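Residue strings, one per chain:
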Amino acid sequence: MSLRPRGLVLTASAAAIVLSAVPASAGQFAADGRYEPDPDALVVIGFEPDEVPDAPVVVDEGALEGQQVLRLTEFGSADVVVALPREPRRWRASVWVRGGESVAALAFYGEDPAYGIDDVAQLFPTGRMTSDGWVELANDIRYDGVSAAITQVSFFSSSGADLDALELVDAGRLGPGDVGVDAPSTSRVSAACDVAADGS
């Protein structure tokens, strides 16, 4: 690994992605290249052993948060259940990917998961990337929360990839004029698998 501090890269084309997608970024980078999670994040997962004991994690000196990353093999997947308040709120969700194509999405389930997903919201490239190959995926999500007994963050990679620094930041309650859900309906859940972010 290079001893040069990690830097944040934002190209002109990447800036256009930020302006068009308008996802809010969460954590920031310190002057020495260290990643600093958003202090207001309700959920911060660096894929350390006590956080996701059953996930395919490995020690990696290039990890953004902590010492480990989530490592997906070819056509690999992993799910992480997170606890969110069951009330109408806005959420800023983000994760970083490196080394290959990857899909990340939040899935909302009702009281009985056997009935399937109520709604799903995918994370998209923001245009932020680091000098050592990490690419940010993020999205602003508005969800009523009342019917979502279980919130699961799902990851999939057809080529194999590393993921790190999952964050969910509470961005406030939904107002009277807000749409309840930003995510597509369950009839379009499969569309979340059709868009990939290349972190290679």
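Computed from a prediction, not measured in an experiment: that's the story for all the values here.

Parameters at a glance
Residues numbered from 1 in each chain as written. Predicted model: local features only at pLDDT ≥ 70, side-chain atom pairs only at ≥ 80, totals over all residues. Heavy atoms only, no water. Helix = DSSP H or I, 4+ residues; strand = E, 2+ residues; numbered from the N terminus. Buried < 20%, exposed > 50% of the residue type's maximum accessible area, 1.4 Å probe, protein only. Phe/Tyr/Trp six-rings, centres within 6.5 Å; stacked < 30°, edge-to-face > 60°. Contact = heavy atoms within 4.5 Å.

A.B. asks: How should the environment of D140 be read in this particular structure?
C.D. replies: Topologically, D140 is positioned in strand β12 (residues 135-143). When its relative accessible area of 27% is taken as the criterion, D140 is described as partly exposed. Sequence spacing of D140 and A93 is 47 residues, and the spatial spacing of their C-alpha atoms is 6.5 Å.

A.B. asks: So what exactly am I meant to see when it comes to the packing of aromatic side chains here?
C.D. replies: Working definition: an aromatic ring pair is given by the centre-to-centre distance plus the angle between the planes. Scanning the model with the defined rule gives four aromatic pairs in all. With 5.1 Å between their ring centres and 65° between their planes, F29 and Y35 make a pair best called edge-to-face. Y35 matches F29 in its accessibility class, with the two residues each being buried. An angle of 90° between the planes, with centres 5.4 Å apart, marks the rings of F29 and W96 as edge-to-face. Note that F29 is positioned in strand β2 (residues 28-29) and W96 in strand β8 (residues 89-98), a separation of 67 residues in sequence.

A.B. asks: How should the environment of F47 be read in this particular structure?
C.D. replies: Its location among the elements puts F47 in the loop between β4 (41-45) and β5 (57-59). Take F47: its relative accessible area is 0%, and that puts it in the buried class. Distance from F47 to D164, taken between C-alpha atoms, is 6.7 Å for residues 117 residues apart in sequence. The residues contacting F47, other than those within four sequence positions of it, are V52, V57, Q68, V69, L70, V80, F155, L163, D164, A165 and L166.

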